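# Analysis of the macromolecular model
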Amino acid sequence: MRFQIDDKVVDTVTGIVKSADSETSIRAKTLQVLNYLIEHKSDIVAKQDVIKHVWDDVVVQEQILTQSIKEIRDLLGPQVIKTYSRKGYQWVAPLKAEHSETYSTQQRKLISKRPVINKQQVWIGASLVVLLLLVLVFVLLFNRSESVMKVAFLPVQNDVQDSVHNWVPLRGQEQLSQGLSHASELAVIDTDHVLYAIERLTPEQHLAYRSGALYPFREKLDADLIVHTRLTGFPEDFQLHYRLQTPFGLEQGIEFSSSVNGAFEQLIEKIAARFDTYQPSNETSYASQFSNEAFARGVALYLEQEYQAAKPMLETALNAEADLFAARRYLAASYANTNQISTAIKLLNENIERAKASNQQGRELLRAYLMIGYLQINWPQLLNREHELLSAEQYIEQAKQLAEQLQDELFIAYSYEELGKVKRLQGDYAASAAHLNNALQYHQRFQGDYGQTAALIELAKVSNAQQSESLTQDYLAQAYAIASRSKATANLIWVLLAKADIARSRLQHQDANAFANQAKEIAQQSDDPMLIARVAAWFNDSPVYTVN
């Protein structure tokens, strides 16, 4: 059956999506999800019902279904499927059936023109295949080194929600696999083999995987090392979280980079350096030299908003390595999100002192300056608000000067944004607009133009303070258009919450709640706990700090 959805034609049998200028194939499992939703379009279908129908022979994580839903929305538009919190999904887009007689006739013509192959040709072809297989087995047996470690990369979990990075899960897996093959003598298992193994895990193995274990893949793939990665962050400021299942246990860590490729390359370099000299051993345990386990676990808890549980893990990491600046930053953010602002600022000042003492004038120093300024702007602690804003301005100005010395354009842009906020709160609207326009100019140089939305939102707030209704709406419209074009879920939510803030400042409470509820629906569709928490904070009228 073929359906027309807006300007696209979807063939639910072949999985082909056609538009005026493109043709795309839907993955097999995603196609099954699509068909199931269409068949039950009059109902809200539970996630477990979809999973049971599509993945009937295995037990899988809900994330696999979430990925398929995202793929359908990316292909056909975010409006085709509606998410019902704690209930499931429903197909809501109108469907216009298309007839396929012509298509079927063409298929019959093709079938009628198939060449006739005689038995002798079949026998010769089969003999050649057998001969080639024998040669391949001979080569493998006589060239295989038992000491070479076998490595398998799982698909990259992509938590960067925009249209620019849709390629990350499978192409990222391929890039990591090929990169390690070229950088080392390790035996890297091909990605097709890995993807097939994921679908063929037994129910017991899937249960173990759902609880966070990676060892089931070692048995399925005959691999010594399984690598699971998760990408978070924003353009020019990414974090690649990794988990490694080795013969001796599980290790975790994080790589920070200004580009996705850079993060991949850093991980490849570490794995090659660590494991290229691998030799089988009878050891049952060893001390990890590859990553700070406590830090990685602390960050994982932080991302789940388990701030109290994250604190002791991050503190443990700092006890082991006092100059682990990122751990202290996440610890400060955990304190900030539990409303212990003075403790958070104290920790960040410690990062500044340590960075200066060790002459590490990099991004962690920039982040510390900016984060203190941000906290002072958004979490007022002093009775003298004027003095507090002046302090915030001084910290942010130090960040801008350092960023200019380092020629770090992303943090120059961030600094201008925060200075624009300070000037708006101080009532200096001309200076605020000048800073924000400078931020816009820098953001326009980066891949993914949705970085401009933060500055446009602030310009809208400046215009609102000046009671310029038309200019306020124009800036918000620009920001929303950019976020929509890039399919940047987080930025769509920021714009809608900004609209809600402005409406609430005008005592237009009905409009404010309408915008906030739009943001809430988008957050729920994304299934991202950080975004859901951010919208919930708006309704509770409480700030939330998110570590970039």
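Above this note sits the structure.
About the thresholds
- Residues numbered from 1 in each chain as written.
- Predicted model: local features only at pLDDT ≥ 70, side-chain atom pairs only at ≥ 80, totals over all residues.
- Heavy atoms only, no water.
- Helix = DSSP H or I, 4+ residues; strand = E, 2+ residues; numbered from the N terminus.
- Buried < 20%, exposed > 50% of the residue type's maximum accessible area, 1.4 Å probe, protein only.
- Contact = heavy atoms within 4.5 Å.
- Areas by Shrake-Rupley, 256 points an atom, 1.4 Å probe, with all protein chains shown as cover.
- Core = buried A, V, L, I, M, F, W, Y, C linked by side-chain atoms within 4.5 Å.
- Phe/Tyr/Trp six-rings, centres within 6.5 Å; stacked < 30°, edge-to-face > 60°.
- Pairing = 2+ DSSP bridges.

Moving on, we come to the overall build of the chain. Assigned secondary structure in the chain consists of 23 helices and 13 strands. The buried share among the 548 residues of the chain stands at 47%. Of the contacts made within the chain by residues no fewer than 6 positions apart, 57% connect residues no fewer than 24 positions apart. With an accessible surface of roughly 27,700 Å², the chain has 51% of that area assigned to carbon and sulfur atoms.

In terms of nonpolar packing, the biggest core is built from 98 residues, with Leu180, Ile271, Phe295 and Leu375 touching the most fellow members. If near-sequence neighbours (up to four positions away) are discounted, phenylalanine 295 is found in contact with Ile254, Phe256, Met313, Leu314, Ala317, Leu324, Ala326, Ala327 and Tyr330. Listed in part, the 26 residues of the second largest apolar core include Ile5, Ile51, Leu75 and Val80.

The final tally for this structure, using the stated rule, is eight aromatic pairs. Taking the centre distance of 6.5 Å and the plane angle of 85° together, the rings of tryptophan 167 and phenylalanine 264 count as edge-to-face. Of this pair, tryptophan 167 sits in the loop between β9 (157–158) and α6 (168–183) while phenylalanine 264 sits in helix α10 (residues 260–275), and the two are 97 residues apart along the sequence. A centroid spacing of 6.2 Å and a plane angle of 25° characterise the contact between tyrosine 416 and tyrosine 442, whose relative ring orientation is stacked. One end of the pair, tyrosine 416, is in helix α17 (residues 409–426); the other, tyrosine 442, is in helix α18 (residues 429–443), with 26 residues separating them in the sequence.

A word on the pairing of strand β2 (residues 8–11). Pairing geometry for strand β1 (residues 2–5) and β2, over four bridges, is antiparallel. Bridging across to β2, arginine 2 finds its partner in aspartate 11. When β2 meets strand β3 (residues 16–18), the two strands line up antiparallel, connected through three bridges. If you follow valine 10 over to β3, its bridge partner there is valine 17. In textbook terms, the turn of a hairpin is the stretch between consecutive antiparallel strands, and for β2 and β3 this stretch comprises four residues, one of which, glycine 15, has a positive phi near 80°.

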